[in-house]
Amino acid sequence: MQLRYNYRAYPDATQRRALASAFGCARVVWNDCLRDRKEAHAAGLPYVKSAELSRLRITQAKQTAERAWLADVSAVVLQQSLRDLDTAYKNFFDSARGERQGRTVGPPRYKSKKDTRQSVRLNTNAFSLKDNGTVYVAKIGDLKVKWSRRLPAAPTSLTVTKDSCGRYFLSFVLDTDPDILPEVDTDTGVDLGLSAFAVLSDGRKIDSPRFLRRAEKKLKRLQRDLSRKAKGSKNRAKARIKVARQHAKVADRRRDFHHKASTQIIRDNQAVYVEDLAVSGLGRTRLAKSVHDAGWSAFVGMLEYKAVKHGRTFAKVGRAFPSSQVCSACGFRDGPKPLHVREWTCGACGTVHDRDHNAACNVLVEGRRVAAGRAETLNASWSAGQTRAKVPAQRGEAGSPRKGRTTQAGIPGL
């Protein structure tokens, strides 16, 4: 299976300028190649092949006065930008033909130098891990990295990213074997909500931290200061970075909470079942801010890939399943209930239910049924040790806006 490991990098002033040049060159190659394909399509010409684009927009472009500065960065950066464009087109074509699951993917778009997030992707020919703990990147130099843990295997690709608040990150993708945990006798159903972030079928509740709500007061002040700055001024750029840093703190805290909660659930249970919520639809209701603050989709994604990593069973219960309407004691369907009803009494057996705990128990029962019939359903997702299925890295490739030898494994001395 593939895993992704992210680390904070601290380039010096010279390296930051070199990285800015690499970001710009990768963006120019992307836009030039995309323009050629769009013009060919508008003129009714065949699809321009990658080999032709590589020759025209990379090899020959370096010999012209207008694009001579493309030679200042590693050729791997330019080639990977073209490969990312190919991937974006493939995703678009597969989605148009109905061969790609999930949301409909649109055609690739041009990149702008005003984008606050920039990235480049490298293969093993353009980076290596040094014994002193630095990471060498071709034509960038040795980057200082804050290693939080050792890499378990040799990475196959590296993405260097600059986020909206000016931080730099190194994202390594590597192939590794699943870390199978000892089997346990428990399984659980998880009901996600807003009053409590998650309620397990054993009665345990995980409180919702509401990171965005807690930061709203400071965000409101920073956003007000930003709106008062003149557009294009240096003070406006400084104010924008302050807002971006505050949003980054909220996102980091939420991600850390998701990782800790998902890891604990996976370690404590042999099988985990969760309801497949329509998050995109709920994000268009009056509860949109609270829904996005909870981050259910990211949390469920963590549960899924960690179940694969540790040999656990994971399954999604269909969103049409009436988990809040069925009595978990007798199975009587008592009908829909408004959100303000947190407790209700079953009309058949008289059992008093907590709404969320009852839903979690129903998700557990339905999840067992779904997992038992996993050959006939698309909701079941079993561990790699059981299905031997390839599982992608848990986060989107930073160098691809559309949804990889001699490299040492690990950092000596850690």
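One structure accompanies this document, and this report is about it. As the structure is a prediction and not an experimental result, all values here were calculated from the model.

In terms of helices and strands, the chain carries ten helices and 16 strands. Out of the 414 residues belonging to the chain, those deemed buried represent 46%. Accessible surface computed for the chain: about 22400 Å², of which carbon and sulfur atoms make up 50%. Across the chain, 78 positive and 40 negative side-chain charges occur, with their mean positions spaced 9 Å apart.

Next up on the list: the sheet that holds strand β7 (residues 155-162). The sheet built from five strands is open, its strands ordered β2-β7-β8-β1-β6 with antiparallel pairing. The open sheet has two free edges, formed respectively by β2 (118-123) and β6 (145-146), since each of these has just one partner strand. Relative to strand β8 (residues 168-175), strand β1 (residues 2-9) runs antiparallel, the two being bridged by eight bridges. Bridging from a neighbouring strand, Q2 pairs with D175 of β8.

Let us now look at the nonpolar core. One finds L122, V135, W147, L151, L158, L170 and F172 to be the most contacted residues of the largest nonpolar core, which totals 52 residues. Sort the elements by how many residues they give to this core and helix α1 (residues 13-42) lands first, with eleven residues. Among residues more than four places away in sequence, those in contact with L122 are V76, V77, Q80, F127, V137, S157, L158 and V160. Core analysis: the second largest hydrophobic core is formed by 26 residues, F197, A198, F211 and F299 among them.

Right, let's talk about the layout of surface pockets for a bit. Looking at the second largest pocket, its volume works out to about 690 Å³. Lining the second largest pocket we find 26 residues, and of these L192, L277, S324, L339 and R355 sit closest to its centre. Elements with a minimum of two residues in the lining of the second largest pocket: β9 (187-192) and α9 (355-372). The residue inventory of the lining of the second largest pocket, partitioned by class, reads 13 nonpolar, five polar and eight charged.

Among the six residues that make up β9, five are buried, leaving the element largely enclosed by the rest of the structure. As paired strands, β9 and strand β12 (residues 271-275) are joined by four bridges and run parallel to one another. Bridging across to β12, D187 finds its partner in A271. Alignment of β9 against strand β10 (residues 196-200), held across three bridges, turns out to be antiparallel. By the bridge assignment, V190 is partnered in β10 with L200. A loop of three residues connects β9 with β10, the two strands running antiparallel in sequence.

The tally for this structure, following the rule as stated, stands at 22 salt bridges. Here D36 makes a salt bridge to R57, at a shortest N to O gap of 2.7 Å. Here D36, found in helix α1, pairs with R57, found in helix α2 (residues 50-59); they are 21 residues apart in sequence, far enough to count as distant. In this structure D36 comes out as buried when scored by relative accessible area, which is 14%. On the basis of relative accessibility, which here comes to 29%, the residue R57 falls in the partly exposed class. Ionic contacts of the salt-bridge type, sharing partners, join the residues K90, D94, R97 and E99 into one network.

Here three strands make up an open sheet; going across it, the order is β3-β4-β5 and the pairing antiparallel. Each end of this open sheet is capped by a strand with a single partner; those strands are β3 (127-129) and β5 (141-143). Sheet twist, expressed as the mean angle between neighbouring strand axes with direction ignored, is 25 degrees.

Turning our eyes to something else, we now look at helix α4 (residues 211-227). Quick reminder: α-helices carry 3.6 residues per turn. Residues three or four places apart thus point the same way. Its 17 residues place the ends of α4 23 Å apart at the C-alpha level, agreeing with the 24 Å of an ideal helix rising 1.5 Å per residue. When the local axis directions of α4 are compared, the greatest deviation, roughly 50 degrees, occurs at K217. The complete set of buried residues in α4 reads F211, L212, A215, L219, L222 and L226. On its buried face, α4 is in contact with α5 (234-268) and α7 (288-294).

Thresholds applied
Residue numbers run consecutively from 1 along every chain, following the written order of its sequence. A pLDDT threshold of at least 70 governs which residues receive local features in this predicted model, and a stricter bar of 80 or more applies before side-chain atom pairs are shown or counted, although totals over entire chains, interfaces and linings include all residues. Based on all heavy atoms of the structure, the side-chain values leave hydrogens and waters out of the count. The way it works is that DSSP assigns letters per residue, a run of H or I at least four long becomes a helix, a run of E at least two long becomes a strand, and they are numbered from the N terminus. Relative accessible area decides the class of each residue, using a 1.4 Å probe on protein chains only: under 20% of the type maximum gives buried, over 50% gives exposed, and in between gives partly exposed. Per-residue and other accessible areas were derived by the Shrake-Rupley procedure at a 1.4 Å probe size, with only the shown protein chains allowed to occlude residues. Here Asp and Glu are counted as negative and Lys and Arg as positive; His is not counted, and neither are the chain ends. For this purpose, a charge sits on NZ of Lys, CZ of Arg, CG of Asp or CD of Glu. Here a strand pair is declared whenever DSSP counts at least two bridges between the two strands. Joining through side-chain atoms within 4.5 Å is the link that ties buried Ala, Val, Leu, Ile, Met, Phe, Trp, Tyr and Cys residues into a set, and such a set is a nonpolar core. In what follows, residue pairs with any heavy atoms lying within 4.5 Å of each other are defined as contacts. Grid points spaced at 1 Å and placed over the protein atoms alone form the basis of the search, with a cavity being a set where a 1.4 Å probe fits but cannot get out and a pocket an open set showing protein on both sides within 12 Å along at least five of seven lines. Lining residues have an atom within 4 Å of a point. Grid points are joined across faces, edges and corners, and a volume is the space filled by probe spheres set on the points. Gly is placed with the polar residues, together with every amino acid not listed as nonpolar (Ala, Val, Leu, Ile, Met, Phe, Trp, Tyr, Cys and Pro) or charged (Asp, Glu, Lys and Arg). The term salt bridge refers to a side-chain nitrogen of Lys or Arg lying within 4 Å of a carboxyl oxygen of Asp or Glu. Fitted lines through C-alpha atoms serve as axes, helices being fitted only where they are in contact, and the angles separating the N-to-C directions of these axes extend from 0 to 180 degrees. One less than the number of residues in a helix, times 1.5 Å, gives the span that helix is expected to have. Bend at a given residue is defined as the angle between two axes, one fitted to the seven residues that end at that position and one fitted to the seven that begin there.

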